[in-house]
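# Coordinates in review
What follows is each chain in one-letter form.
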Amino acid sequence: MDQHRDDHTHDDQHDHQHDDQHDHQHSPGLADLLDLDAEVFTEQTAAVHRDIERLADAPVRTILDLGAGTGVGTFGLLQHFPDARAVAVDASADMLEHLLGRAGHLGLSGRITTEQADLDQAVPSVDAVDLAWASASLHHLADPDATLAQLATRVRPGGLLAVLEMSAFPRFVPDEAPGGAAEARVHELMAAARAIDLPTMGSDWARRLTRTGWSVEEDRAIVLEPAASVSPVIGRYAAASLTRLRDAMGDRLGADDRAALGALVDGGPTDVRRRDDIHVRGERRLLIARRSREDV
Ligand SMILES: C[S@@+](CC[C@H](N)C(=O)[O-])C[C@H]1O[C@@H](n2cnc3c(N)ncnc32)[C@H](O)[C@@H]1O
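Moving on, we come to the overall build of the chain. On a plain count of helices and strands, the chain comes out with eleven helices and seven strands. Going through the 296 residues of the chain one by one, you find that 48% of them count as buried. In the chain, the share of contacts with a sequence separation of at least 24, taken over all contacts with a separation of at least 6, comes to 80%. Total accessible area on the chain is roughly 13800 Å²; 49% of this is exposed by carbon and sulfur atoms.

Let's shift gears to the packing of helix α10 (residues 232-249) against helix α11 (residues 255-265). Here α10 crosses α11 at 155°, and the two axes come no closer than 9 Å. Here α10 is positioned roughly antiparallel relative to α11, judged by the angle of their axes. The two elements α10 and α11 meet at a crossing, and its hand is left-handed. Counted together, Ala239, Leu242, Thr243 and Arg246 of α10 and Arg258, Leu261, Gly262, Leu264 and Val265 of α11 form the full contact between these two elements.

Before going further, it helps to examine the site of the ligand. Around the ligand there are 20 residues in total, and Gly67, Asp90, Asp118, Leu119 and Ser135 lie nearest to it. Leu119 places a main-chain nitrogen or oxygen 2.8 Å from a nitrogen atom of the ligand. Backbone polar atom of Ser135 to a nitrogen atom of the ligand: 2.8 Å apart, as the coordinates give it. Protein chains bury 93% of the 590 Å² of accessible surface belonging to the ligand in isolation. Within the shell around the ligand, the residues separate by chemical class into nine nonpolar, eight polar and three charged.

This part takes up the nonpolar core. Val40, Phe172, Tyr237 and Val272 are the most contacted members of the largest nonpolar core, which totals 28 residues. Elements represented by at least two residues in this core include exactly α3 (30-40), α8 (180-197), α10 and α11. Per element, the largest residue contribution to this core is nine residues, and it comes from α10. When sequence neighbours within four positions are dropped, the list of residues in contact with Val272 reads Val173, Gly235, Ala238, Ala239, Leu242, Leu264 and Ile278.

This next bit is on the packing of aromatic side chains. Summed over all chains, the structure comprises one aromatic pair. Between Phe172 and Tyr237, the ring centres sit 5.5 Å apart and the planes meet at 80°, which makes this aromatic pair edge-to-face. With a gap of 65 residues between them, Phe172 in the loop between β5 (155-166) and α8 and Tyr237 in helix α10 connect regions that are remote in the sequence. In terms of burial, Phe172 and Tyr237 fall into one category: buried. Cation over ring: Arg208 sits above Trp205, and NZ or CZ is 5.3 Å from the ring centre. A cation sits over an aromatic face here: Arg284 above Phe41, 3.9 Å from the ring centre.

Here we take up the pattern of salt bridges. Inspection of the entire model under this criterion finds 21 salt bridges. A salt bridge links Arg220 to Glu218; the nearest nitrogen and oxygen atoms lie 3.4 Å apart. Given a relative accessible area of 24%, Arg220 falls into the partly exposed group. Overall, the relative accessible area of 15% leaves Glu218 in the buried class. Because the salt bridges share partners, they merge into one network encompassing Asp51, Arg54, Glu218 and Arg220.

So, about the sheet that holds strand β6 (residues 214-224). Read across the open sheet, the seven strands follow the order β3-β2-β1-β4-β5-β7-β6; overall the sheet is mixed. Edge positions in the sheet fall to β3 (112-116) and β6, since each has one partner strand and no second. Between one strand and the next, the sheet's axes are offset by a mean angle of 15°, whatever the strand orientation. Bridge count between β6 and strand β7 (residues 282-291): ten bridges; the pairing is antiparallel. Residue Trp214 lies in a different strand from β7, and its bridge partner there is Arg291. Taken strand by strand, helix α4 (residues 42-55) contacts β4 (129-135), β5, β6 and β7, and its axis lies near 160° from that of β6. Its contacts with the sheet place helix α7 (residues 144-151) against β1 (62-66), β4, β5 and β6, and it is angled at close to 150° to β5.

Parameters and conventions
- Residues numbered from 1 in each chain as written.
- Predicted model: local features only at pLDDT ≥ 70, side-chain atom pairs only at ≥ 80, totals over all residues.
- Heavy atoms only, no water.
- Helix = DSSP H or I, 4+ residues; strand = E, 2+ residues; numbered from the N terminus.
- Buried < 20%, exposed > 50% of the residue type's maximum accessible area, 1.4 Å probe, protein only.
- Contact = heavy atoms within 4.5 Å.
- Areas by Shrake-Rupley, 256 points an atom, 1.4 Å probe, with all protein chains shown as cover.
- Axes fitted to C-alpha atoms, helices over the stretch in contact; angles between N-to-C directions.
- Parallel < 35°, antiparallel > 145°, perpendicular 65-115°, else oblique.
- Left-handed = near helix turned anticlockwise from the far one by under 90°.
- Near = heavy atom within 4 Å.
- Polar contact = N/O pair within 3.5 Å; in protein donor to acceptor, adjacent residues only side chain to side chain.
- Nonpolar A, V, L, I, M, F, W, Y, C, P; charged D, E, K, R; others polar.
- Core = buried A, V, L, I, M, F, W, Y, C linked by side-chain atoms within 4.5 Å.
- Phe/Tyr/Trp six-rings, centres within 6.5 Å; stacked < 30°, edge-to-face > 60°.
- Lys NZ or Arg CZ within 6 Å of the ring centre and 35° of its normal.
- Salt bridge = Lys/Arg side-chain N within 4 Å of Asp/Glu carboxyl O.
- Pairing = 2+ DSSP bridges.

Okay, here's the thing in structure tokens:
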């Protein structure tokens, strides 16, 4: 293990938070939500693949997916880069099991290795990584800068790292429409909770990359346009997302807001899966950085 990881200490609160983040018993529906998210963002992800291909200085053969979740990022990359193999890393055994099941259905099992590992302890040792991928995972880490610095020793000189991060969870219901005000309030509560639990979410990732030895070559917003949102999957994505938000907020949500959010997901007349005014409003940040061609 690297020295800077040996020096890394946690306080009790951090350890508690850290355990919660890894305990997917407390994250019902996360796997479904991640799969739906990938369906919603298919076009945008394809554009990211093209950006990577444009920046790659050699064929992409070895991919390292950090915080791979259900594997949607890995699958997309393997489909785009047919000569590549991937190592999918996640702390959650449940996620990796889900990933391997899907890989089998997609005919990708032979090209994927999984590794259950806590990235807060160390980035698994994989030789000559051409492309590292970290989608919605860095903000879960206790010290993302330490992980990014260590990752720079895993990626080959000239290799790439693609980071996708969100600064806020997507919104679905128009402000004036039934349930819109309750959705706005749950997001306010969530933002306050996140400032404590996930303080690096929405931080300056370009700065973090630069100070940990990466050279940022692409840094752009990915906006989900409402026009692109008209699809039945949006309703399912909205329902999964709002259910998780409501459940995550527990007692902090007032009874009225809880009831209003319930009405968005209970199968009744204002359920988001039955409405035609539901659009995803959200933005992600894409950064593609290169490891220096000099040895680090
Ligand atoms: C929001 S999900 C994103 C999953 C996937 N990259 C995607 O975009 O769909 C975050 C993932 O990071 C994993 N994760 C969180 N903290 C981690 C850690 N310290 N080490 C390894 N994986 C971690 C979680 O188990 C979860 O699967």
